[in-house]
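Examining the three-dimensional arrangement
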Amino acid sequence: MNAVEQLQQSIKDTLKAAINQAGLVEADTEVNIHLETPKDKANGDFATNVAMQLTKLAKKPPRAIAESILENVNTEGTDIEKIEIAGPGFLNITVRKDFLAGVVKAAFEQGENYGRSTAGAGEKVQVEFVSANPTGDLHLGHARGASVGDSLCNVMDFAGFDVSREYYINDAGNQINNLAYSLEARYKQALGMDAEMPEDGYHGPDIIAIAGKLAEEFGASILDKTEEERFKFFREHGLKLELAKLQNDLKNFRVEFDVWYSETSLYENGKIDVALEKLKSNGHVFDEEGATWFRSTTFGDDKDRVLIKNDGSFTYLTPDIAYHEDKLRRGFDKLINIWGADHHGYIPRMKAAIEALGYERETLEVEVIQMVQLYKNGEKFKMSKRTGNAVTMRELVEEVGLDAVRYFFVKTAGDSHMDFDLDLAVSQSNENPVYYAQYAHARISSILRAASEQGFEASLENLNLLVAEKEEDVLKKVGAFPQIVADAAKHRTPHRIANYIQDLAAAFHSFYNAEKVLNQDNKELTEARLALITAVKTTLANALKLIGVSAPEKM
RNA sequence: GUCUCCAUAGCUCAGCUGGAUAGAGCACACGCCUUCUAAGCGUGCGGUCGUAGGUUCGAAUCCUACUGGGGACGCCA
């Protein structure tokens, strides 16, 4: 438990004691006190609406309850300086100033671990994200999914969850056949031959590039093979090179997975049959019209789903069920899937499958990432893998810059639709909010360099000198960080980290303009302030790292 | 047609399990560099929180209906 949490708990305990003392509720009633941070600091450091919430139980008006609590409260030996009644019945709590000094100390001493907590209690969580088919380049939607997914993993890890990142490779099924045929056509074209692309072929430039590579390496020799051999060749090489490309692109996007899980492996090791048998023995499978069905409607899906088509092959769902069964067998407490909004209709059947396999429905959590609408030259820009004119993640990073892209995608809540104006992102890249935060970090670094040259050293000795208004604002922001991380992890909302970064940077910039840090005439204050800005620097760096953005020493 | 997500300032978006006078950035207007980085700070302008009901001490937040937009409704993946 961090300092702020301890403080909050202590305030809650103090208030609970007062409520009991006042006899406002039955002795065994569990009163849930919610503390919030008032927007206006004139309303104290913390505020609670508990008096309003108790109106029904205590059968008194809120202000009378508040007064009753005040009369019975004992703040001796706590960090509470004063409690006031305000508005309709809020209790505004002001904390002793020296409490904030502890915040600097914590950030200063914990360094890159400041903000870590055990809020997640080591819960084993697996997060599956991106999982794009290995049949084309990653595009805008994948970039958003990668940003949000990776940041969420970072945040949850920092908040004490045991996180594993996984990418599900769809290397089986029709799309891979299409990949092989597309590649063969491109290969022939690369050799100067006439070849038509298959009807559902992949027209992306990456396929052309891979075909060119194969033509260079193998010449025309592949043409001598039988049709079956050629198919196998293009399938294998296509997959291998597509996968290598995906892994490389993601790595360059600062995203690394713990596990790359092959769909084909589910076929090879019989896990699909095992899952099917389990569904059958649980009584959730039936045959009809030559196909085998999963009775998903039993678990709230709006229609039943085919598992085995009448041609004997599996639908996409079947290996996916086996995959999820396998995840659960690996001992995860929670499965988080990050899916594009175009797949959200798929959620009820997957949850149904989880339940049919005998697990808790809630074990599977699906975070839906809404579509990104790209604008260019003031017009909507259609994204299509098939037509090959999509803006890829790689191109986006080249044009806009990695830090800006990662920041941009993670600062918006995943469940809200998003417009991405490419011209704006490129032309105004210097005004992108990400630079605002990075600039704060660089500024601090600069001051610390100057301080070092002038013989100053950050010190925790005189933190009680940090009483200026702007200093307090900064301290409160720094102190809030562990709780922000814990909340963002709990609610699966990494965008809160981005918002927090803006707040913290703003508090610092404001402080910077109001107070000068280095002052030869006041060594004590200077060195206390150095400790303060070091705490800010640490916090900024930690927060930026969580969302995959760099923290530069100079700009 | 059914399901689902969304609708907050001119634009892009926040708004924590319902709380006090709904916030930030961009844009616009005006100030601030002989002083640690002006990619910054300050002041101002800007809102019937899509519409109409409901729930209650209190609703941008929860419920219902409607309007408008995205997405999904396949023995594709």
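Read on for an overview of the structure. Being a predicted model, the structure only gives us computed values, none of them experimental.

Let's shift gears to the packing of helix H7 (residues 174-190) against helix H9 (residues 227-252). Two numbers describe how H7 lies on H9: the axes approach to 8 Å, and their chain directions differ by 100 degrees. Relative to H9, the element H7 is oriented roughly perpendicular. In this structure, H7 uses Ile-176, Asn-177, Leu-179, Ala-180, Tyr-181, Leu-183, Glu-184 and Tyr-187 to contact H9, whose residues at the interface are Arg-230, Phe-231, Phe-234, Arg-235, Gly-238, Leu-239 and Glu-242. The residue makeup of the contact of H7 with H9, split by class, is nine nonpolar, two polar and four charged.

Our focus in this paragraph is the pattern of salt bridges. Following the criterion strictly, the structure yields 30 salt bridges and no others. With its nearest N and O atoms 2.6 Å apart, the salt bridge here joins Arg-361 to Glu-355. Look at Glu-355 and you get partly exposed, because its relative accessible area is 28%.

The next subject is the protein's contact with RNA strand B. In the vicinity of RNA strand B there are 62 residues, among which His-34, Phe-90, Tyr-436, Tyr-439 and Ser-446 approach most closely. Each atom of RNA strand B within 4 Å of the protein was classed as base or backbone; sugar and phosphate made up 59%. Taking Tyr-316, its main chain carries an N or O atom lying 2.9 Å from a phosphate oxygen of RNA strand B. One of the backbone N or O atoms of Ala-413 is found 2.7 Å from a phosphate oxygen in RNA strand B. Only strand S4 (90-95), H7, strand S9 (291-294), strand S15 (418-421), helix H17 (433-453) and helix H19 (495-514) provide two or more residues apiece to the surface near RNA strand B. Looking at the surface near RNA strand B element by element, the count peaks at eight residues for H17. Taken together, the residues of the surface near RNA strand B sort by class into 23 nonpolar, 24 polar and 15 charged.

Before going further, it helps to spend a moment on the sheet that holds strand S3 (residues 80-86). Pairing is antiparallel in the open sheet, where four strands are placed in the order S1-S2-S4-S3. Each edge of the open sheet is held by one strand with a lone partner, namely strand S1 (35-36) and S3. Pairing of S1 with strand S2 (residues 46-48), which is carried by two bridges, proceeds in the antiparallel orientation. Each residue of the ladder has a partner; that of Leu-35, found in S2, is Thr-48. Packed onto the sheet, helix H1 (residues 3-22) meets S1, S2, S3 and S4 and runs at close to 40 degrees relative to S2. The strands touched by helix H4 (residues 62-72) are S3 and S4; relative to S3, the strand with the most contacts, the crossing angle is about 160 degrees.

What counts, and at which threshold
- Residues numbered from 1 in each chain as written.
- Chains lettered and ligands numbered in written order.
- Predicted model: local features only at pLDDT ≥ 70, side-chain atom pairs only at ≥ 80, totals over all residues.
- Heavy atoms only, no water.
- Axes fitted to C-alpha atoms, helices over the stretch in contact; angles between N-to-C directions.
- Helix = DSSP H or I, 4+ residues; strand = E, 2+ residues; numbered from the N terminus.
- Parallel < 35°, antiparallel > 145°, perpendicular 65-115°, else oblique.
- Contact = heavy atoms within 4.5 Å.
- Nonpolar A, V, L, I, M, F, W, Y, C, P; charged D, E, K, R; others polar.
- Salt bridge = Lys/Arg side-chain N within 4 Å of Asp/Glu carboxyl O.
- Buried < 20%, exposed > 50% of the residue type's maximum accessible area, 1.4 Å probe, protein only.
- Near = heavy atom within 4 Å.
- Polar contact = N/O pair within 3.5 Å; in protein donor to acceptor, adjacent residues only side chain to side chain.
- Pairing = 2+ DSSP bridges.

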